[in-house]
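Examining the three-dimensional arrangement
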Amino acid sequence: MTVLLEGEGLGKSYGGVRALDGVSLRLSAGEVLGLIGPNGAGKTTLVDLLDGAQPADRGSLSIRGRKLTGPPSRRARAGLARTFQHPHLALDLTVRENVLLGAAAPKLAGIGGLVAGLVAGAFRPSGARFDATLHRVADALELGDLRRRCGDLTLGEQRLVEVARALAQEPSVLLLDEPFAGADSGGIAAISAAIRAVRAQGCGIILVDHNVDIVASLVDRIMLLRSGTVVFDGDPAECLASPEMQDVYFGTGGENVVA
Ligand SMILES: Nc1ncnc2c1ncn2[C@@H]1O[C@H](COP(=O)(O)OP(=O)(O)OP(=O)(O)O)[C@@H](O)[C@H]1O
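The shown structure was predicted, so the numbers you read here are calculated from the model rather than taken from an experiment.

As a further point, take the sheet that holds strand β8 (residues 204-208). One open sheet holds the 6 strands; their spatial order is β6-β7-β8-β3-β9-β10, and the pairing between them is mixed. In the strand order of this sheet, the two ends are held by β6 (80-82) and β10 (229-234), each with one partner. Going from strand to strand, the sheet's axes swing by 15° on average, the running direction of each strand aside. When strand β7 (residues 173-177) meets β8, the two strands line up parallel, connected through 5 bridges. Bridged to Leu175 within β8 is Ile206. Along the sheet, helix α1 (residues 43-51) contacts β3 (32-36), β6, β7, β8 and β9 (221-226); its crossing angle with β6, the most-contacted strand, is approximately 145°. Across the sheet, helix α6 (residues 155-168) lies against β6 and β7, angled at about 165° from β7, the strand it touches most.

Pasting the structure below:
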């Protein structure tokens, strides 16, 4: 399988807290990787390092064999899209406008891309290509009335819009940070179906969530983090039955404080 994303020895400290301590990972095309671990294990920090929201202290990253660096906008252009643990939507804008922002995001990365896009008229909100993308992801996630203001939506509905916005980027790597938190059963089903659909198209997905059963039902592989390090990386069923899993969730736990 084609390797999409590779990280080597990624490390990040916040003051005296070692949030991530030498994590390496590999994600292939059409693979769903579950990232689990207790609160503070470093899951969001790893996602932040992958999408450039936080700079790594150590380590390197590549996408399709090319070095992956720079801010989130540059990484979006390289094919990366993400959702956030706490949705980052423009609350005064409508569902439609938020999703269209996702469709435009890779083109907005960099002045060259912006100028080229403007010249080509690519950002017209009524552009046929954008409309097709909008309706495809809106239908997949059952977004309902696209004219609603995002500030008027429930948290669960906002999550669906955020996943839709990430899908509208047509990413090759999708990072989902707790997409099921606050979603109702319909939302969970819609997001799960969307994950399966983009996986079938060859997208690589990293799924962070605390609901281990949902994660295990969707992923090809699980990475279990504890105190900023990987303690298990492999088959989901083996992970759930592993002594590492027992120890992380029912053992003494660990402190990720720099010695
Ligand atoms: N911006 C920050 N400033 C200071 N400390 C941070 C920051 N972000 C994360 N941390 C710390 O780094 C460690 C790892 O946090 P992180 O959010 O990555 O864990 P997590 O596994 O995603 O946890 P959760 O499941 O609660 O979201 C924690 O000790 C956290 O308090």
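Attention shifts here to the site of the ligand. In the vicinity of the ligand, 15 residues are found, and the nearest of them are Asn39, Gly40, Lys43, Thr45 and His210. Residue Asn39 places a side-chain N or O atom 2.8 Å away from an oxygen atom belonging to the ligand. Here His210 contributes a side-chain N or O atom positioned 2.7 Å from an oxygen atom of the ligand. The fraction of the free accessible surface of the ligand (630 Å²) that becomes covered by protein chains is 66%. Only β2 (17-28) and α1 provide two or more residues apiece to the shell around the ligand. A per-element tally of the shell around the ligand places α1 first, with 3 residues. Along the lines of polarity and charge, the residues of the shell around the ligand split into 5 nonpolar, 8 polar and 2 charged.

With respect to the element layout, Ser172 can be found in the loop between α6 and β7. By relative accessible area, which is 15% here, Ser172 ends up buried. When sequence neighbours within four positions are dropped, the list of residues in contact with Ser172 reads Leu4, Ile63, Arg64, Ala78, Gly79, Gly202, Cys203 and Gly204.

In this section: the pattern of salt bridges. Within this structure, the stated rule accounts for 18 salt bridges. With a shortest N-O distance of 3.8 Å, Asp21 and Arg58 are connected by a salt bridge. With a gap of 37 residues between them, Asp21 in strand β2 and Arg58 in strand β4 (residues 58-63) connect regions that are remote in the sequence. Assessed through its relative accessible area of 37%, Arg58 is described here as partly exposed. Overlapping salt bridges bring together Asp48, Asp51, Arg82 and Asp177 as one network.

Let us now look at the nonpolar core. Formed by 47 residues in total, the largest nonpolar core has its most connected members in Val99, Leu141, Leu143, Leu174, Ile195 and Leu207. Every residue in contact with Leu141, bar those within four places of it in the chain, is listed here: Leu160, Val163, Ala164, Leu167, Ala190, Ile191 and Ala194. Formed by 25 residues, the second largest nonpolar core is a distinct cluster that contains Leu5, Val23, Ala29 and Ala41.

For the protein, the mean per-residue pLDDT works out to 89, and 88% of the residues sit at or above 70. By mean pLDDT, the top-scoring element of the protein is β8 (98), and the lowest-scoring one is helix α4 (residues 111-120) (51). This model gives residues 253-259 a pLDDT under 50, and the stretch forms 17 contacts once residues within four places in sequence are excluded.

Attention now moves to helix α5 (residues 128-140). Because an α-helix packs 3.6 residues into every turn, residues spaced three or four apart end up facing the same way. The terminal C-alpha atoms of α5, which comprises 13 residues, lie 18 Å apart, in line with the 18 Å expected from a rise of 1.5 Å per residue. Glu142 lies just past α5 and shows a positive phi near 50°.

Definitions and cut-offs
- Residues numbered from 1 in each chain as written.
- Predicted model: local features only at pLDDT ≥ 70, side-chain atom pairs only at ≥ 80, totals over all residues.
- Heavy atoms only, no water.
- Pairing = 2+ DSSP bridges.
- Helix = DSSP H or I, 4+ residues; strand = E, 2+ residues; numbered from the N terminus.
- Axes fitted to C-alpha atoms, helices over the stretch in contact; angles between N-to-C directions.
- Contact = heavy atoms within 4.5 Å.
- Near = heavy atom within 4 Å.
- Polar contact = N/O pair within 3.5 Å; in protein donor to acceptor, adjacent residues only side chain to side chain.
- Areas by Shrake-Rupley, 256 points an atom, 1.4 Å probe, with all protein chains shown as cover.
- Nonpolar A, V, L, I, M, F, W, Y, C, P; charged D, E, K, R; others polar.
- Buried < 20%, exposed > 50% of the residue type's maximum accessible area, 1.4 Å probe, protein only.
- Salt bridge = Lys/Arg side-chain N within 4 Å of Asp/Glu carboxyl O.
- Core = buried A, V, L, I, M, F, W, Y, C linked by side-chain atoms within 4.5 Å.
- pLDDT = per-residue confidence, 0-100.
- Expected span 1.5 Å × (residues − 1).

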